[in-house]
Amino acid sequence: FSLNLTVDCNAVLKALQPIFQEQGMTETVHNWEDHGYLATYIKKNGSFANLRIHPHGLVLVDLQSYNDPMKGREEVDQLLNKVEERMKELFHGNIKRVKRLPAILRGGVIDRYWPTADGRLVEYDIDEVVYDEDSPFQNIKILHSKQFGNILILSGDVNLAESDLAYTQAIMGSGKEDYAGKEVLILGGGDGGILYEIVKLKPKMVTMVASNIDQMVIDGCKKYMRKTCGDVLDNLKGECYQVLIEDCIPVLKRYAKEGRMFDYVINDLTAVPISTSPEEDSTWEFLRLILDLSMKVLKQDGKYFTQGNCINLTDALTLYEEQLSRLYCPVEFSKETVCVPSYMELY
């Protein structure tokens, strides 16, 4: 509750106390003179409430129900309805805003909460854990969403969902490129989405390689992300593609030494780091190394495509663009913003 006036904290406490007492909850009150009250109410079944009253006109109620979700939701709603009625009686037209946030389910069998790139917490409509394994490199999860289909999550980072063709199309040039008869190098891309879409366009050869590309990611995706990867991960070699399960840095160095050149290099490795201190962040060093090595295997008229990050991370994106002016050779660049459905943000 956000109020239009300063409040008598004791009066608010006295008005709301009976609601919690009617529930058979045990009360403990802390008073900090100029900083208001904190009252905690505990029920015998383990449910509890925190009532925080700030003198400047903010009253917060946090309820945690130790119950099954349906009963717990009913219990919480009934209590909050009574608190809201009492507050309206007490302050009449002086309530500026009442805001009720949805319940967060803690410790559920299915984890529905994942952060966006810019640190906002999103609750997904996850209804099934499809795959959950730890490889030597990372935790690999594939969760099913009612809206987005199966979602690949690597070490807590939402990578790609079956709904996210927009991501794959954008990192390939948004339909403006002719891949027919071309040599293509994909860095990363373990979900198989980019490889699957490029193979359809009749390239001469696509080589997919990544830093510590994880065989378990490939195994999980070829079984549970087939709407994204089709059948290209069933075999590591096809008529016009090969998948190398190797560290991409020595491979890039080898290709540069051999003079092997590509028409397109597509970097689907690490996103632009959120850190705005490239000198102190090893991820920035890794990105700069990959950029320089990629330029050495890219034809003079070739194109390099990569992901950036969410558009809210303006400082990090600006820093990335600055890195492009520090490469050993001059480059021109352009950028495009697309909405990636499962990211729930513009990228």
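Residues numbered from 1 in each chain as written. Predicted model: local features only at pLDDT ≥ 70, side-chain atom pairs only at ≥ 80, totals over all residues. Heavy atoms only, no water.

As recorded by an unreviewed UniProt entry, the chain carries the name Spermine synthase and is attributed to Caloenas nicobarica. The Subunit (unreviewed entry) comment attached to the chain in UniProt states, word for word, "Homodimer. Dimerization is mediated through the N-terminal domain and seems to be required for activity as deletion of the N-terminal domain causes complete loss of activity." (UniProt positions renumbered as here; feature names shortened; annotations may be inferred.)

Q: If you had to explain the overall build of the chain to someone new, which residues and values would you point to?
A: A tally of helices and strands in the chain yields 9 helices and 19 strands. Against the globule reference of 20 Å for 347 residues, the chain gives a C-alpha radius of gyration of 27 Å, more extended than a compact globule. Across its three principal directions, the C-alpha atoms of the chain cover 80 × 40 × 35 Å. A buried classification covers 46% of the 347 residues belonging to the chain. Pairs at least 24 residues apart make up 58% of the contacts formed inside the chain by residues separated by at least 6 positions. Surface summary for the chain: the accessible area is close to 18400 Å², and the carbon and sulfur share equals 49%. (Helix = DSSP H or I, 4+ residues; strand = E, 2+ residues; numbered from the N terminus. Rg over C-alpha atoms; globule rule 2.2 N^0.38 Å. Buried < 20%, exposed > 50% of the residue type's maximum accessible area, 1.4 Å probe, protein only. Contact = heavy atoms within 4.5 Å. Areas by Shrake-Rupley, 256 points an atom, 1.4 Å probe, with all protein chains shown as cover.)

Q: Describe in detail the sheet that holds strand β16 (residues 262–268), supporting the description with residues and values.
A: The parallel open sheet is built from 5 strands, whose spatial order is β15-β14-β13-β16-β17. In the strand order of this sheet, the two ends are held by β15 (241–244) and β17 (298–306), each with one partner. Taken over all neighbouring pairs, the strand axes of this sheet differ in orientation by 15 degrees on average, direction set aside. Two strands pair when backbone bridges link them, and strand β14 (residues 205–209) and β15 are joined in this way by 4 bridges, in the parallel orientation. Residue pairing in the sheet places V209 in a bridge with L244 of β15. Helix-sheet contacts for helix α8 (residues 282–296) involve β13 (183–188), β16 and β17, and the interaxial angle to β17 is about 145 degrees. (Pairing = 2+ DSSP bridges. Axes fitted to C-alpha atoms, helices over the stretch in contact; angles between N-to-C directions.)

Q: A description of the nonpolar core should follow, citing residues and the corresponding values.
A: Residues L185, L187, L195, I198, I266 and I290 are the most contacted members of the largest nonpolar core, which totals 78 residues. Top element by residues in this core is α8. It accounts for 7 residues. Not counting the four nearest positions on each side in its chain, L185 is found in contact with T207, V209, L252, Y255, F262, Y264, V265, I266 and V297. By size, the runner-up hydrophobic cluster in this structure holds 25 residues, among which are L3, V12, M25 and I53. (Core = buried A, V, L, I, M, F, W, Y, C linked by side-chain atoms within 4.5 Å.)

Q: Residues and numbers for the pairing of strand β5 (residues 58–64), please.
A: Pairing analysis gives 7 bridges linking strand β4 (residues 48–54) to β5, with the strands arranged antiparallel. In the sheet register, F48 faces β5, and the bridge partner there is Q64. Here β4 folds back onto β5, and the loop between the two strands holds 3 residues, one of which, G57, carries a positive phi near 110 degrees.

Q: Residue-level account of the sheet that holds strand β10 (residues 139–145), with values.
A: Read across the sheet, 4 strands follow the order β9-β10-β11-β12 without closing on themselves; strand pairing throughout is antiparallel. Each edge of the open sheet is held by one strand with a lone partner, namely β9 (126–134) and β12 (157–161). Averaged over all neighbouring strand pairs, the angle between strand axes comes to 25 degrees, with direction disregarded.

Q: Just give me the short version of the UniProt feature "active site" (unreviewed entry) in the chain, but keep the residues and values in it.
A: Residues annotated in UniProt with the feature "active site" (unreviewed entry) correspond here to D268. Mapped onto the elements, D268 comes out in strand β16. According to the relative accessible area criterion, D268 is buried, its value standing at 13%. With sequence-adjacent residues up to four places away left out, D268 is seen in contact with Y167, I171, L187, G188, G189, D191, I194 and Q307. Within the structure, D268 has its side chain in polar contact with the side chain of Y167 (distance 2.4 Å). (Polar contact = N/O pair within 3.5 Å; in protein donor to acceptor, adjacent residues only side chain to side chain.)

Q: So what's going on with the domain arrangement of the chain? Which residues, and what values?
A: Split by domain assignment, the chain resolves into domain 1 (2–97) and domain 2 (163–325). For domain 1 and domain 2, the distance between their C-alpha centres works out to 53 Å. (Domains from an automatic or database assignment.)

Q: So what's going on with helix α7 (residues 248–258)? Which residues, and what values?
A: Because an α-helix packs 3.6 residues into every turn, residues spaced three or four apart end up facing the same way. Of all the positions in α7, only C248, I249, V251, L252 and Y255 are classed as buried. Angular distribution of buried residues about the axis of α7 spans 165 degrees; they occupy a single face of the element. Facing away from the buried side of α7 by over 90 degrees, the exposed positions are K257 and E258. Buried-residue contacts for α7 involve β13, β14, β15, β16 and α8. The opening residue of α7 is D247, an N-cap whose side-chain oxygen sits 3.0 Å from the backbone nitrogen of I249. (Arc of directions from axis to C-beta.)

Q: Could you give an account of the packing of aromatic side chains, naming the residues involved and the relevant values?
A: A full pass over the atoms with the stated rule returns 8 aromatic pairs. Seen in terms of ring centroids, Y264 and F305 are 6.2 Å apart; in terms of plane orientation they differ by 10 degrees. Their pairing is stacked. Of this pair, Y264 sits in strand β16 while F305 sits in strand β17, placing them 41 residues apart in sequence. Classification of Y264 by relative accessible area gives buried; the value is 5%. When its relative accessible area of 15% is taken as the criterion, F305 is described as buried. Here the aromatic residues Y167, Y343 and Y347 are joined through ring pairs into a cluster of three or more. The ring of Y255 carries R260 above its face, with NZ or CZ at 4.7 Å from the centroid. The ring of Y328 carries K296 above its face, with NZ or CZ at 5.5 Å from the centroid. (Phe/Tyr/Trp six-rings, centres within 6.5 Å; stacked < 30°, edge-to-face > 60°. Lys NZ or Arg CZ within 6 Å of the ring centre and 35° of its normal.)

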